[in-house]
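Each chain is listed here by its residues.
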Amino acid sequence: MLSDFMGADKVYIACGYTDLRRGIDGLAAMVQQQFDLDPFTNTLFLFCGRRRDRIKALYWEGNGFVLLYKRLESGSFQWPRSESEARSLTAQQYRWLMEGLSIDQPKAHKPVKGLEIV
């Protein structure tokens, strides 16, 4: 279900680790207070524990929150650990993360910005 989740307009991950004992209210408060984002939007928020084999996803469905929990049977997620902020993901980065790859693929083509015709 999480691997092909396409219902959200945006996806954010909480870099670093999160205490996964938190429930819906604790994660929604974290989104509001720590990241200064609105959890009541069409956005998927992802959180990862220390061992990197479990993630929780928080999503507002219009009339209530959905809390998804995924535990890998083997392997781990390539989760960014160096920051303690929310990071926006592109659809491609989200797919990489769910496939066990790093969201920062060094050989991937990067989007080119600021071009103009001369």
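Conventions and cut-offs
Residues numbered from 1 in each chain as written. Predicted model: local features only at pLDDT ≥ 70, side-chain atom pairs only at ≥ 80, totals over all residues. Heavy atoms only, no water. Helix = DSSP H or I, 4+ residues; strand = E, 2+ residues; numbered from the N terminus. Rg over C-alpha atoms; globule rule 2.2 N^0.38 Å. Pairing = 2+ DSSP bridges. Axes fitted to C-alpha atoms, helices over the stretch in contact; angles between N-to-C directions. pLDDT = per-residue confidence, 0-100. Core = buried A, V, L, I, M, F, W, Y, C linked by side-chain atoms within 4.5 Å. Buried < 20%, exposed > 50% of the residue type's maximum accessible area, 1.4 Å probe, protein only. Contact = heavy atoms within 4.5 Å. Salt bridge = Lys/Arg side-chain N within 4 Å of Asp/Glu carboxyl O.

Some words on the overall build of the chain
Part 1 of the reasoning: In terms of regular secondary structure, the chain is built from two helices and five strands.
Part 2 of the reasoning: Listing the helices and strands of the chain from first to last along the sequence gives β-α-β-β-β-β-α.
Part 3 of the reasoning: Here the chain has a C-alpha radius of gyration of 15 Å; the compact-globule value for 118 residues is 13 Å, and the two agree.
Part 4 of the reasoning: Counting only C-alpha atoms and orienting by the principal axes, one finds that the chain spans roughly 55 × 35 × 25 Å.

Remarks on the sheet that holds strand β4 (residues 65-71)
Part 1 of the reasoning: With mixed pairing, five strands are arranged side by side in an open sheet as β4-β3-β2-β1-β5. Edge strands, defined here as strands with exactly one partner in the open sheet, are β4 and β5 (86-89). Sheet twist, expressed as the average angle between the axes of neighbouring strands with direction ignored, equals 25°.
Part 2 of the reasoning: Direction of pairing for strand β2 (residues 43-48) relative to strand β3 (residues 54-60): antiparallel, over a ladder of five bridges. Looking at β3, one finds that Phe-45 is bridged to Leu-58.

Thoughts on the confidence of the model for the chain
Part 1 of the reasoning: In the predicted model, the chain carries a mean pLDDT of 86, and the fraction of residues at 70 or more is 94%.
Part 2 of the reasoning: When mean pLDDT is taken per element in the chain, helix α1 (residues 24-33) scores highest with 95 and helix α2 (residues 91-98) scores lowest with 84.

Observations concerning the nonpolar core
Part 1 of the reasoning: Membership of the largest hydrophobic core comes to 19 residues, with the highest contact counts inside it found for Ile-13, Leu-44, Leu-46, Trp-79, Tyr-94 and Leu-97.
Part 2 of the reasoning: Elements that contribute at least two residues to this core include exactly β1 (10-14), β2, β3 and α2.
Part 3 of the reasoning: Not counting residues up to four positions away in its chain, the partners in contact with Leu-46 are Val-11, Tyr-12, Ile-13, Ala-14, Lys-56, Ala-57, Trp-79, Tyr-94, Leu-97 and Met-98.

Notes on the pairing of β4
Within a regular strand, side chains alternate between the sheet's two faces.
Part 1 of the reasoning: Note: β3 against β4, seven bridges, orientation antiparallel. The residue bridging Trp-60 from the neighbouring strand is Phe-65, located in β4.
Part 2 of the reasoning: The hairpin turn running from β3 into β4, its antiparallel successor, is four residues long, and Gly-62 in that turn takes a positive phi close to 100°.

Overview of the pattern of salt bridges
Part 1 of the reasoning: Following the criterion strictly, the structure yields four salt bridges and no others.
Part 2 of the reasoning: The partner of Arg-21 in a salt bridge is Asp-19, and the shortest N-O contact between them spans 2.8 Å.
Part 3 of the reasoning: Residue Arg-21 is classed as exposed on the basis of its relative accessible area, which comes to 74%.
Part 4 of the reasoning: Connected via shared salt-bridge partners are Arg-51, Asp-53 and Arg-54.

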